[in-house]
There are 2 protein chains.
Amino acid sequence: MALALKEKGFAMRVIGVDANAEHCKQALELGLVDEIATLEAAIPQSDLIILAVPVGVCLQLLPTVMGLITSKQVVMDVGSTKAGIAEVVADAALRGRMVPTHPMWGTEYSGPAAAVKEAFVKKATVICDKEKCDADALALVEKVYGVLGMHIVYMNAVAHDVHVAYISHISHITSFALANTVLEKEKEEDAIFELASGGFESTVRLAKSNPAMWVPIFRQNRDNVLDVLNEHIAQLRKFKACLEKENYEYLQELIENANKIRKVLNRG
Amino acid sequence: MALALKEKGFAMRVIGVDANAEHCKQALELGLVDEIATLEAAIPQSDLIILAVPVGVCLQLLPTVMGLITSKQVVMDVGSTKAGIAEVVADAALRGRMVPTHPMWGTEYSGPAAAVKEAFVKKATVICDKEKCDADALALVEKVYGVLGMHIVYMNAVAHDVHVAYISHISHITSFALANTVLEKEKEEDAIFELASGGFESTVRLAKSNPAMWVPIFRQNRDNVLDVLNEHIAQLRKFKACLEKENYEYLQELIENANKIRKVLNRG
């Protein structure tokens, strides 16, 4: 974000705040930020404060940040869960200055070195509970996403968390579990390496994702994730039952039904 | 394969045989084949017969093909299971002319229009039970894969089927089941479409795969697939238990373990 907002001339000066000294150094070297400061020093100098931290840290930071800003400043977060974040600012005196968002783009990598130019272009971003935001704060955040080339979807924080459980969180659990399955069963690493084809690599790619980011997401979206995970296990059991009972007609039906995902994915 | 083998000057003439008249027409139009013939007419004119059909059809076709060839001709198949195929030719008079192979490349699409130039370059291919093949037959097939730019891994047919259950077949079941989960639970198709990001798309891509190809694969590799599927369900249940019991330390461990797949995937 910092890369793109600087390049497009939207951000004149970017101040980086990070608990990790090595990441601060990298961010400076990579030109992601112009300077490094503490949170307390950075906030009074900033028009817009972007919180891009694991969602658990975001919950802890938000009360502090909301206490440090004035009614002229704007705060946005970019975390993958929204209901908890909406709740923690619900009673803040300056609630209207905070815009909860979720740009739907990421890779399995994290840290400053994982920054990718043009990353967000043509992807979707979610803005939650816009009616609770001051008009000028909302307009600034909308402008940020416009500059990044994203299209904006509006929904309430609770609905957001339900949808991302289906669309993002369960994919990650599946991928982590698939990696563990293969690592558990396939002791011959050479065989994995030599035979792993594109299909395997694409299903298991997300299994490289950072636990520091994902444990807090699963924790905050626990109920929705459990709900989808139960359904997913039930679906896998249908495949298992087909094979056990050698019911290949039903197996065919299950796959034909899965093929319907095409219609959804190819609509764009 | 036909595209690449013609372009490299390896195949002077390619005769296509297909049960589907529309696919025959497409293959001619796309220049994949030079002419179309029946199996009985095509075989006597061919130096090399490549069987690229669903693995169930391959089992049925092989006895016929093995009965039609002479000891100067070579047969290879490119199916995703190998033990059943090895078995069906085990007692053939001309067993040595048949080379069972599995080039590890494919997409979720099928039919002539799914052909991709340079598809196999730098990917792995498996040749099974090479000690059962005549030296000149093996040499010809090795040359084919050399021309395609693939590197060859040798293993016996039974070991092949165990490994592909881990590395390819389970990824497909996971993807089909994930698509069914999302289609079942997420009735708001607009939300899937708007929010589906790269992570979802990559885990669910294989769910577009053709049941005509995959039902016979799962059927022929049933025991191995069931074994891995049981392990995968057990792994998913660990994630479920972590969330139910709010054991986030163990959830962290499960994800850290899954991250080890990096080491295997990045070795290349």
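Residues numbered from 1 in each chain as written. Chains lettered and ligands numbered in written order. Predicted model: local features only at pLDDT ≥ 70, side-chain atom pairs only at ≥ 80, totals over all residues. Heavy atoms only, no water.

A.B. asks: Just to check I follow, could you spell out the interface of chain A and chain B for this structure?
C.D. replies: Interface size is often expressed as the accessible area that is lost when the parts come together. Taken together, the contact pairs 88 residues of chain A with 88 residues of chain B. Carbon and sulfur atoms make up 69% of the surface buried where chain A meets chain B, a total of about 8,900 Å² over both sides. For the interface between chain A and chain B, the tally reads 2 salt bridges. Residue A:R222 is joined to B:E246 by a salt bridge in which the shortest nitrogen-to-oxygen separation is 3.9 Å. Counting across the chain A and chain B interface gives 20 residue pairs in polar contact (both at pLDDT 80 or more). Across the side of chain A that touches chain B, the residue classes tally to 44 nonpolar, 21 polar and 23 charged. (Contact = heavy atoms within 4.5 Å. Buried area = accessible area lost by both parts, 1.4 Å probe. Salt bridge = Lys/Arg side-chain N within 4 Å of Asp/Glu carboxyl O. Polar contact = N/O pair within 3.5 Å; in protein donor to acceptor, adjacent residues only side chain to side chain. Nonpolar A, V, L, I, M, F, W, Y, C, P; charged D, E, K, R; others polar.)

A.B. asks: What am I meant to see in the pairing of strand β5 (residues 98–103) of chain B here?
C.D. replies: Successive side chains on a regular strand alternate, one facing one side of the sheet and the next facing the other. All names here are of chain B. In terms of residue burial, β5 counts as a mostly covered element, since 6 of its 6 residues are buried. Going residue by residue along β5, you find M98, P100 and H102 tucked away on one face and V99, T101 and P103 tucked away on the opposite face as well. Crossover connection from strand β4 (residues 74–77) via helix α5 (residues 83–89) to parallel β5: handedness right-handed. For β5 and strand β6 (residues 124–128), the ladder comprises 3 bridges, and the chain directions are antiparallel. Counterpart to P103 in the pairing with β6 is T125. (Buried < 20%, exposed > 50% of the residue type's maximum accessible area, 1.4 Å probe, protein only. Helix = DSSP H or I, 4+ residues; strand = E, 2+ residues; numbered from the N terminus. Right-handed = clockwise from strand over helix to strand, strands pointing away. Pairing = 2+ DSSP bridges.)

A.B. asks: In this structure, what is going on with the relation of the copies chain A and chain B? I would like to understand it.
C.D. replies: With an RMSD of 0.0 Å, the fit of chain A onto chain B corresponds to turning through 180° and sliding 0.0 Å along the axis. The symmetry that links the two subunits is that of a two-fold axis. Rotation axis and chain A: the residue whose C-alpha lies nearest the axis is A:T203, separated from it by 2.2 Å. In this assembly the copies share their binding face: 100% of the residues contributing to the interface of chain A also contribute to that of chain B. (Least-squares fit on C-alpha atoms with pLDDT ≥ 70 in both.)

A.B. asks: Please explain the environment of A:V55 as it appears in this structure.
C.D. replies: All names here are of chain A. By the element assignment, V55 lies in helix α4 (residues 55–68). Judged by its relative accessible area of 3%, V55 is buried. Expressed as a C-alpha distance, the spacing of V55 and A212, which sit 157 residues apart in the sequence, is 9.5 Å. Not counting chain neighbours up to four residues away, the residues in contact with V55 comprise G79, S80, T81, P216, I217 and Q220.

A.B. asks: I keep staring at the sheet that holds β5(B) and nothing clicks. Help me out?
C.D. replies: Sheet strands associate in pairs through backbone hydrogen bonding, adopting either a parallel or an antiparallel arrangement. All names here are of chain B. What the 5 strands build is an open sheet, ordered β3-β4-β5-β6-β7; its pairing is mixed. Strands at the two margins of the open sheet, each flanked by one partner only, are β3 (48–51) and β7 (151–155). Across the sheet, the axes of successive neighbouring strands diverge by a mean angle of 25°, strand direction being ignored. In the sheet, β3 pairs with β4 via 4 bridges, with the strands oriented parallel. (Axes fitted to C-alpha atoms, helices over the stretch in contact; angles between N-to-C directions.)

A.B. asks: Help me out: how do you make sense of the packing of helix α7 (residues 157–185) of chain A against helix α7 (residues 157–185) of chain B in this one?
C.D. replies: The description of two helices packed together rests on the angle between their axes and the distance between the axes. Relative to each other, α7(A) and α7(B) sit at 155°, their axes nearing to 11 Å. By the angle class used here, α7(A) and α7(B) are roughly antiparallel. As for the relative orientation of α7(A) and α7(B), their crossing is right-handed in sense. Residues A:Y166, A:I170, A:S171, A:T174, A:L178, A:V182 and A:K185 of α7(A) touch α7(B), and the partners they reach there are B:Y166, B:I170, B:S171, B:T174, B:L178, B:V182 and B:K185. The class makeup of the residues in the contact of α7(A) with α7(B) is 8 nonpolar, 4 polar and 2 charged. (Parallel < 35°, antiparallel > 145°, perpendicular 65-115°, else oblique. Left-handed = near helix turned anticlockwise from the far one by under 90°.)

A.B. asks: What am I meant to see in the side chain of B:H232 here?
C.D. replies: By the element assignment, B:H232 lies in helix α11 (residues 222–244). A polar side-chain atom of B:H232 sits 3.4 Å from a polar atom in the side chain of B:T174.

A.B. asks: Can you walk me through the domain arrangement of chain A in this structure?
C.D. replies: Looking at chain A, the domain boundaries give domain 1 (2–156) and domain 2 (224–268). Measuring from the centre of the C-alpha atoms in domain 1 of chain A to the corresponding centre in domain 2 of chain A gives 37 Å. (Domains from an automatic or database assignment.)

A.B. asks: Help me understand the packing of α7(A) against helix α12 (residues 248–259) of chain B, please; the structure alone is not making it clear to me.
C.D. replies: At a minimum axis separation of 8 Å, α7(A) and α12(B) run at an interaxial angle of 65°. Crossing angle aside, the handedness with which α7(A) passes α12(B) is left-handed. Between α7(A) and α12(B), the contacting residues are A:F176, A:A179, A:N180 and A:L183 on the first element and B:L254, B:I255, B:N257, B:A258 and B:N259 on the second. When the residues that make up the contact of α7(A) with α12(B) are grouped by side-chain class, the tally is 6 nonpolar, 3 polar and no charged.

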